[in-house]
Amino acid sequence: MSRLLVAAALIVLTCTAHAGGNPDIRIYIDFGPPNYVHEITPELYTQFDAYVCLDQVGEGVRCASFRLTDLVADYPEVVATGHWTILMSGDLPICYDPWMLPGTTLCSYECYTSDEEPVLAGFATYFYLGGGSCCLQVLDNLDYPRWIVDCSEPGEVDHYCVLANGSINGGECPDGDCSPVPVHGETWGTIKSLYR
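What counts as what
Residues numbered from 1 in each chain as written. Predicted model: local features only at pLDDT ≥ 70, side-chain atom pairs only at ≥ 80, totals over all residues. Heavy atoms only, no water. Phe/Tyr/Trp six-rings, centres within 6.5 Å; stacked < 30°, edge-to-face > 60°. Helix = DSSP H or I, 4+ residues; strand = E, 2+ residues; numbered from the N terminus. Buried < 20%, exposed > 50% of the residue type's maximum accessible area, 1.4 Å probe, protein only. Pairing = 2+ DSSP bridges. Disulfide = S-S within 2.5 Å. Polar contact = N/O pair within 3.5 Å; in protein donor to acceptor, adjacent residues only side chain to side chain. Contact = heavy atoms within 4.5 Å. Axes fitted to C-alpha atoms, helices over the stretch in contact; angles between N-to-C directions.

Let us look at the packing of aromatic side chains. Going through the model one piece at a time under the given rule, you end up with 7 aromatic pairs. Ring centres of Tyr51 and Phe123 lie 5.0 Å apart, and the angle between their planes is 35°; this geometry places the pair in the tilted category. Of this pair, Tyr51 sits in strand β3 (residues 46-55) while Phe123 sits in strand β8 (residues 119-128), placing them 72 residues apart in sequence. Assigned by exposure class, Tyr51 and Phe123 land together as buried. Measuring from centroid to centroid gives 6.0 Å for Phe66 and Trp84, while their planes differ by 65°, and the two rings are edge-to-face.

What follows is the structure, given as structure tokens:
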């Protein structure tokens with residue numbers, strides 16, 4: 001009897017823990033896309049952009065949920081005037097500034113794909129004051145941690161790993177965590193229903 005229960009449990013776990021079309025998707029900060037530039041030393045009193053990029057996008061992207069370090073609040077001596085620009089927009093952008101809690105979720109009925117270059121979700125523009133260094137980290141959205149919805153029908157959720165954060169003027173950043181992460185079988189219909 002116990003063997004039967006173990007077999008049933010394995011079948012249930014195998015059926016519910018399937019990945020979408022982007023099992024190896026990564027998110028990272030890039031100061032010069034598509035060149036994987038994760039460090040910048042800007043000139044004093046100049047503006048610079050920090051892009052949020054996704055790569056290893058096999059089945060495309062319809063939604064991305066993440067949060068960024070609030071550099072303006074946490075490091076006012078280093079940077080000022082954070083401004084967010086969405087590049088992955090469409091018919092259904094659900095957006096907050098990515099440093100505000102709980103984070104941002106960018107969704108679109110349009111499918112964002114790229115065979116060779118990363119998908120650019122958006123970028124933050126800062127003004128460098130030069131009072132030290134800091135790190136722009138990709139953090140978990142508190143409501144939908146690490147969610148990426150692919151373009152399959154219905155869309156499924158993959159969970160990204162962080163390839164690299166962005167070092168500003170030599171700021172120490174935690175290493176990326178691109179190792180296997182658990183997957184959950186959510187559908188695009190489930191996610192759309194959250195925003196009706």
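Once you've had a look at it, read on.
Our next topic: the sheet that holds strand β2 (residues 39-40). If you trace the 3 strands from one edge of the open sheet to the other, you get β2-β14-β9, paired in mixed fashion. Either end of the sheet is taken by a strand with one partner, and the two such strands are β2 and β9 (134-136). Where β2 and strand β14 (residues 166-168) come together, 2 bridges link them in parallel fashion. Each bridged residue has a counterpart across the sheet, and for Glu39 the counterpart in β14 is Ser167.

This paragraph deals with unusual backbone geometry. Residue Pro34 is bonded to the preceding Pro33 through a cis peptide linkage, with omega at 5°. Position of Pro34 relative to the elements: it lies in the loop between β1 (26-30) and β2. The residue after Leu101, namely Pro102, is reached through a cis peptide bond having omega 10°. In this fold, Pro102 is placed in the loop between β6 (93-94) and β7 (104-112). Positive phi values are uncommon outside glycine, yet Tyr45 reaches one of about 55°. You can see Tyr45 is positioned in the loop between β2 and β3.

Here, disulfide denotes a covalent bond that connects the sulfur atoms of two cysteines. With the rule as written, the count across this model stands at 4 disulfides. What pairs with Cys111 in a disulfide is Cys151, and their sulfur atoms sit 2.0 Å apart. Handedness of the Cys111-Cys151 disulfide follows from its S-S torsion of about 100°: it is right-handed. With a gap of 40 residues between them, Cys111 in strand β7 and Cys151 in the loop between β11 (147-149) and β12 (157-159) connect regions that are remote in the sequence. By relative accessible area, which is 31% here, Cys111 ends up partly exposed. Given the relative accessible area of 12%, Cys151 is considered buried. Here Cys161 is linked by a disulfide to Cys178, with a sulfur-sulfur distance of 2.2 Å. Note on the Cys161 and Cys178 pair: the S-S dihedral is about 90°, so by sign convention the disulfide is right-handed. With Cys161 in strand β13 (residues 161-164) and Cys178 in the loop between β14 and α3 (188-194), this residue pair connects regions lying 17 residues apart in the sequence.

Turning our eyes to something else, we now look at the side chain of Thr125. Relative to the assigned elements, Thr125 resides in strand β8. Owing to a relative accessible area of 11%, Thr125 belongs among the buried residues under this scheme. A polar side-chain atom of Thr125 sits 2.7 Å from a polar atom in the side chain of Asp49. Thr125 has contacts with Gln47, Phe48, Asp49, Thr81, Gly82 and His83, leaving out every residue within four places of it along the chain.

Our next topic: the sheet that holds β13. The strand order β5-β8-β3-β1-β13 describes an open sheet built from 5 strands, whose pairing is mixed. Looking at the sheet topology across the chains shown, the edges are occupied by β5 (79-86) and β13. Between one strand axis and the next, the sheet turns through 20° on average, direction left out of account.

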